[in-house]
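# Commentary on secondary and tertiary structure
So you can see what is in the structure, the chains are spelled out below.
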Amino acid sequence: MLFESMQTLPADAILGLIAEYKNDSRADKIDLGVGVYRNADGLTPVLDVVKTAEQRLVDTQDSKAYLGTAGSQSFNAAMQTLTFAGSADDARVTTLQAPGGSGSLRVAAGLLLRARKKPTVWVSEPTWNNHVPLLGGAGLELKPYPYYDTDRHVIDADAMLEALRSVPKGDIVLLHACCHNPSGLDPTEQQWRAISDVIIERELVPFIDMAYQGFSADLDTDAFVVRHLADKVAEMIVTNSCSKNFGLYRDRVGSLSIMAADSKARAVVASQASNVVRTIYSVPPDHGAAIVEMILNDASLTSKWQVELAQMRDRLREVRVLLHDALKNKASSRDFSHLTRATGMFCFLGINAEQIDTLKADYGIYMIGSSRINVAGVTTDNVEYLAESITAVL
Ligand code: LMR
């Protein structure tokens, strides 16, 4: 039989938790797993501004005919502005609509494989759980650079800089623009400048994953490293996701921007990227991108979106403090201050695999095996139970 030699694989470290949590019948269960925003009631509602745009779309859209491999040009222009805000030479940048951040990463990988025989991409240690399977599975060689000091819960910037200084010229370096997944800790502006200096000096190619723009400080600050590097390097890749900042998770909206050395190279890269898309999914899904396009091209909808984005960001900041204070009360000998230093959805709790398993089995508390937690799962109603349970397993 054709499929006889295959074996069932373990569930995905992050997405597998969605079903496990759903099937848990305990009333006090808490989901700190997959990176999805939740409000104070523990829900992930559709943003009001998305509902408005969606209604307008239903009323006005007159066709669902294919738009082409790069999707909507108007969406792409709006995403390019959101990403670079004029910091890059438009004549050198091409932007393509893609199915979420993952789709953009996959197209970028396809492009890199065409550009170079054996492209090496350096990734932070640790990095998003799916970076290695996704980019490595596409055929790229991945190598780690140090990033997070697990004992002190800080970025080890010195080790990172030292490692980057010995990366071979021309290699590609994957950076998280903001809200580093999984640690939640980003370089300061000063550290970004130092990292950028090494990138420029070593002629490395920055490949920046911006999946959480607007979830850390604000839309502009969160894009600092992208814009800082844009007029200093010859080539650069940026992947964007609209899953979190527009709450469009399942609609799969993202973009891929590639900055080439000049306008001639840009045209070549655009045609190659277009061809990569054709060989994978042919054309990107439209619905979510059409909503984003409508929001970003309408000043009133844009400001409504920014208000809702700030509300999500503020709540994440508040619940970090809430959990930190509850833990400080109950487990005063242990330092959890990194919870409040991190931004966005994630940070490490800093507990071991056995403690993570006990939290799931005995308390119905779900997080991924690295002890990364999504703080959006914390509410004023569950924080006491959560802090008590964590303390109990320490
Ligand atoms: C996460 O890291 O939890 C999110 O980015 C969702 C995913 O696809 O892994």
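Only a predicted model underlies this, so the values are computations on that prediction, with no experimental measurement involved.

### Things to note about the pairing of strand β4 (residues 141-146)
Residues in a regular strand point their side chains to alternate faces of the sheet. Note: strand β3 (residues 120-125) against β4, 6 bridges, orientation parallel. Within the sheet, the bridge partner assigned to T120 lies in β4 and is E141. Read from β3 through helix α5 (residues 131-138) to β4, the crossover connection turns out right-handed.

### Details of helix α9 (residues 263-280)
Between its terminal C-alpha atoms α9 stretches 26 Å, which fits the 26 Å expected from 18 residues at 1.5 Å a residue. All buried positions along α9 are accounted for by V269, A273, V276 and V277. Buried residues along α9 cover an arc of 100° about the axis, so they all sit on one side. Exposed positions of α9 whose direction lies more than 90 degrees from the buried face are K264, R278 and T279. Residues of α9 that are buried in the fold lie against β2 (93-98), α4 (100-115) and β10 (254-259). The N-terminus of α9 is capped by D262, whose side-chain oxygen sits 3.2 Å from the backbone nitrogen of K264.

### A look at the domain arrangement of the chain
Considered domain by domain, the chain is made up of domain 1 (13-45 + 301-393) and domain 2 (66-297). Inter-centroid distance (C-alpha atoms) of domain 1 to domain 2 is 27 Å. Interface area, domain 1 with domain 2, both sides summed: about 2300 Å², of which 64% is carbon and sulfur. It is W305, R313 and F348 that lose the most area in domain 1 upon contact with domain 2, and together they represent 27% of the buried surface on that side. Where domain 1 touches domain 2, the interface holds 0 salt bridges. Summed over the shared surface of domain 1 and domain 2, the result is 11 residue pairs in polar contact (both at pLDDT 80 or more).

### What about the packing of helix α6 (residues 157-165) against helix α7 (residues 189-201)?
Relative orientation of the contacting elements α6 and α7 amounts to 15°, with a least axis distance of 9 Å. By the angle between their directions, the pair α6 and α7 is classed as roughly parallel. The crossing of α6 and α7 is right-handed. Judged by residue contacts, A157, M160, L161, L164 and R165 of α6 engage Q191, A194, I195 and V198 from α7. When the residues that make up the contact of α6 with α7 are grouped by side-chain class, the tally is 7 nonpolar, 1 polar and 1 charged.

What counts as what
Residues numbered from 1 in each chain as written. Predicted model: local features only at pLDDT ≥ 70, side-chain atom pairs only at ≥ 80, totals over all residues. Heavy atoms only, no water. Pairing = 2+ DSSP bridges. Helix = DSSP H or I, 4+ residues; strand = E, 2+ residues; numbered from the N terminus. Right-handed = clockwise from strand over helix to strand, strands pointing away. Expected span 1.5 Å × (residues − 1). Buried < 20%, exposed > 50% of the residue type's maximum accessible area, 1.4 Å probe, protein only. Arc of directions from axis to C-beta. Contact = heavy atoms within 4.5 Å. Polar contact = N/O pair within 3.5 Å; in protein donor to acceptor, adjacent residues only side chain to side chain. Domains from an automatic or database assignment. Buried area = accessible area lost by both parts, 1.4 Å probe. Salt bridge = Lys/Arg side-chain N within 4 Å of Asp/Glu carboxyl O. Axes fitted to C-alpha atoms, helices over the stretch in contact; angles between N-to-C directions. Parallel < 35°, antiparallel > 145°, perpendicular 65-115°, else oblique. Left-handed = near helix turned anticlockwise from the far one by under 90°. Nonpolar A, V, L, I, M, F, W, Y, C, P; charged D, E, K, R; others polar.

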